[in-house]
Amino acid sequence: MSRAEIFNRIRTGLRIGADDRQRQETVQQRLQARAANLIPQRAQLPQAACIQLFIEMAIESAAELIELRHRNELSAAVEHWLSENGISQLVLAREENLQNLDWSASSSLVREERVAQAGDEASLTNAFCGIAETGTLMLHSGPDSPTTLNFLPDNHLVALSASSIVGAYEEAWQQLRAASGGEMPRTVNMITGPSRSADIEQKLQMGAHGPRRLAIFLIRDE
Amino acid sequence: MEIRSQEFKKSAHIALHDAKLQRALGNLKAGFPGKRAAAVARLPEFDALRDQARDLKNHIIEHLDLYLEEFEKNVIAQGGTVHWCRTAEDARKTILEICRAQDAKTVTKGKSMVTEEIALNEYLEANGVTPVETDLGEYILQLRNDHPSHIVAPAIHLTLDDVAEAFHEHHKRPKSDDPAVLMQEAREMLRKQFVSADVGITGANFLIAETGSTIICTNEGNGDLTQTLPKTHIVVSSIEKVVPTLEDMTLFLRLLARSATGQEFTVYNTLSTGPRRQADRDGPENFHVVLVDNGRSDMVGTEFQEMLRCIRCSACMNHCPVYGAVGGQTYGWVYPGPMGSVLTPQMIGIENAGLLPNASTFCGKCEEVCPVRIPLPKLMRHWRDKEWEKHLTPAAARSGIGIWAFFAKRPALYRMLSWSSNLFLRLVGGKRGRIRKLPLAGGWTDFRDMPAPSGKTFMQQWQERKS
Ligand code: SF4
């Protein structure tokens, strides 16, 4: 009832005649072309410069950035970060890229592969890609990467391959479409820095409802 | 929310004398405009992006029905449901029905102006469902039984002390005036709510036709917890928010945060598409999109069509001298500032909001900063015309203009009158050339001096130069 009324009003307002083929074609073309609009120069850099820009922008957004040469350094670096912050519990995504890590040196760390729960101190997830233009991480939901891990724990630790960093958001969309067979995952998160709010007198406070800290482990050699 | 737009003059008077409010508004003026300018300066393509955004929005509106159909088709294909609501009443009922079907007791809410527009909270409460606002600003307002005064920073009219007082009263903890402590308190209080809510309601900044996705842009992460933890996620949005593709959404995202808060990018930009997938281990099991019209389809094909481009960034109010002087609540309904002065008459009727399009200095700053280049002053002028046609303009203004017209049609009389009033004002202004008090113009002279005319009338000068 409402639906028909709304469409009627829109079509009347637009003065649409009996022959609407032209408009329909225009729309289908646009939907299929998925053409990019203007992409700022800043986002169109060679790969090495993209990585550098990503680092600068991520730090500006108040994320912490830890550079690693190999993925096999990840477990030790995560362990070190957690112990420095007095955290002894970690929830992980069951992701392929986070399997086969050697945790043998971190005996006191309690690790669990599950969704997040209230009270969790820290989580470790793997980013789908990084976007240089604003230092943004892209993560998405899936059987092995539950979304709660990105929001509930106090500290969010993210592994990011330097080779996955792209310049512009548009490149990330293309990769996401390719990786997910054209079907969107339930949730796609673009994350730029830790949670914050300026709702009290416009004074910025970090750590509103999402993670208070965001630590990115940037892995160079992959 | 009670409509008080026709009390604008009285409310403005009170607001101008409210020292606390004036201090709070100072925070806004000292923050947003400078931050926006800095962000714009860092992106040389900013103005070119605005042109594209304006053109793309125009294209969308010209094909609005078709993009909405595509969006609906793809939401359904992903296992979601779309509900079409012509009026605020339809929308409230639809949302309540979804909550009832889930036997919902509590509902967490992310920030959404459309739910303010349809007065959802009051309705849910009256029907036995408890809404819990989770955005820090909205949470503060809910505790105080208050309403947003800004579309992005809803509690901008409050001071630290107001917040401290409200938290002290409701949280039963020692009063603190440290914003960090206060935020921590809210975080703890709301954590339980996030986990135990039956339904999560969020708004949407854009609806993506290509994929059937909705997106929210937030800094706190409350919207994400709201939509991920409960069994049911309801997105409440409005029909003009549809965009064709992810690429098209991206164009607007590049403009939104920079125009709003001066951030390079909002912290969390989150796309939601349908309910959780079969093998997913978290996420909602049900996904509903409630699309509200509430007067928007009536704007298509009219002189107000351009207003449908609005992406709710708040730049126009952040830069508006009137908003900056009287604050958002003076506008008397949900949408304040220049965008509100155009939208509110559409949604609640010009007879209930005729003062708003008049509450403008027509300085043009709003249009100058609008990311989708909406000619806000022109649209306000259209409302003034409508008001005039409907004979809604106050008698004083009508008779004032009538008197002016009488003289304007009689040039000799007109010249004599302007010569004599010129002389009179010069005498009153004295050597300083400023007039402190003027009969019938207290509204002006209470807050600033009136400059006295400095020389001869236009016609006198014209005559002299001609000869
Ligand atoms: S009218 Fe323009 S400036 Fe104002 S909120 Fe809408 S998009 Fe932003």
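Keep in mind the model is a prediction, meaning the values are calculated, not measured.

Cut-offs used in this document
- Residues numbered from 1 in each chain as written.
- Chains lettered and ligands numbered in written order.
- Predicted model: local features only at pLDDT ≥ 70, side-chain atom pairs only at ≥ 80, totals over all residues.
- Heavy atoms only, no water.
- Contact = heavy atoms within 4.5 Å.
- Buried area = accessible area lost by both parts, 1.4 Å probe.
- Salt bridge = Lys/Arg side-chain N within 4 Å of Asp/Glu carboxyl O.
- Helix = DSSP H or I, 4+ residues; strand = E, 2+ residues; numbered from the N terminus.
- Nonpolar A, V, L, I, M, F, W, Y, C, P; charged D, E, K, R; others polar.
- Pairing = 2+ DSSP bridges.
- Axes fitted to C-alpha atoms, helices over the stretch in contact; angles between N-to-C directions.
- Buried < 20%, exposed > 50% of the residue type's maximum accessible area, 1.4 Å probe, protein only.
- Domains from an automatic or database assignment.
- Expected span 1.5 Å × (residues − 1).
- Arc of directions from axis to C-beta.

Trainee: I'd like a rundown of the interface of chain A and chain B, residues and numbers included.
Mentor: At the interface, 80 residues of chain A touch 102 residues of chain B. Each partner contributes to the roughly 7900 Å² buried at the junction of chain A and chain B, and carbon and sulfur atoms together form 56% of this total. The largest share of the area that chain A buries against chain B comes from A:Arg186, A:Ile200 and A:His209, three residues that together contribute 13% of it. The interface formed by chain A and chain B contains 15 salt bridges. Between B:Glu264 and A:Arg42 there is a salt bridge whose closest N-O contact spans 2.7 Å. When contributions to the side of chain A that touches chain B are tallied by element, the ones reaching two or more residues are α1 (2-13), α2 (21-33), α3 (47-60), α5 (169-179), β9 (187-191), β10 (196-197) and β11 (205-206) of chain A. Among the elements that make up the side of chain A that touches chain B, the one with the highest residue count is α1(A) (nine residues). A class-by-class count of the residues in the side of chain A that touches chain B yields 32 nonpolar, 24 polar and 24 charged. Both β9(A) and strand β9 (residues 268-272) of chain B contribute to a ladder of five bridges, which runs antiparallel.

Trainee: Account for the sheet that holds β9(B), naming residues and giving values.
Mentor: Reading across from one edge, β8(A)-β5(A)-β6(A)-β9(A)-β9(B)-β6(B)-β5(B)-β8(B) is the order of the eight strands in this open sheet, with mixed pairing throughout. The open sheet terminates on both sides in strands that have one partner only, identified here as β8 (165-166) of chain A together with β8 (242-243) of chain B. Helix α12 (residues 246-260) of chain B rests against β9 of chain A together with β5 (206-208), β6 (213-218), β8 and β9 of chain B of the sheet, and its axis sits at about 165° to β5(B).

Trainee: Tell me about the environment of B:Phe362, and name the residues and values.
Mentor: Residues and elements named next belong to chain B. With respect to the helices, strands and loops of the structure, Phe-362 is situated in the loop between α16 (350-353) and α17 (365-369). Among the residues examined, Phe-362 registers a relative accessible area of 23% and is labelled partly exposed. Remark: the alpha-carbon pair of Phe-362 and Ile-403, spanning 41 residues in sequence, is separated by 24 Å. Each residue touching Phe-362, except ones within four places of it in the same chain, is listed here: Pro-357, Pro-377, Met-380, Arg-381 and Arg-384.

Trainee: Can you lay out the domain arrangement of chain B for me, pointing to particular residues and giving the numbers?
Mentor: Domain assignment breaks chain B into domain 1 (61-297) and domain 2 (406-466). Between domain 1 of chain B and domain 2 of chain B, the C-alpha centre-to-centre distance is 54 Å.

Trainee: Explain helix α20 (residues 411-429) of chain B to me, and be specific about the residues and the numbers.
Mentor: All names here are of chain B. In this model α20 runs 26 Å from its N-terminal to its C-terminal C-alpha over 19 residues, within 8% of the 27 Å that 1.5 Å per residue would give. Looking at α20, one finds that the buried residues are Asn-422, Leu-425 and Gly-429. In an axial view of α20, the angular spread of the buried residues amounts to 75°, which keeps them on one side of the axis. Looking at α20, the residues exposed on the side facing more than 90 degrees away from the buried face are Ala-412, Met-416 and Leu-427.

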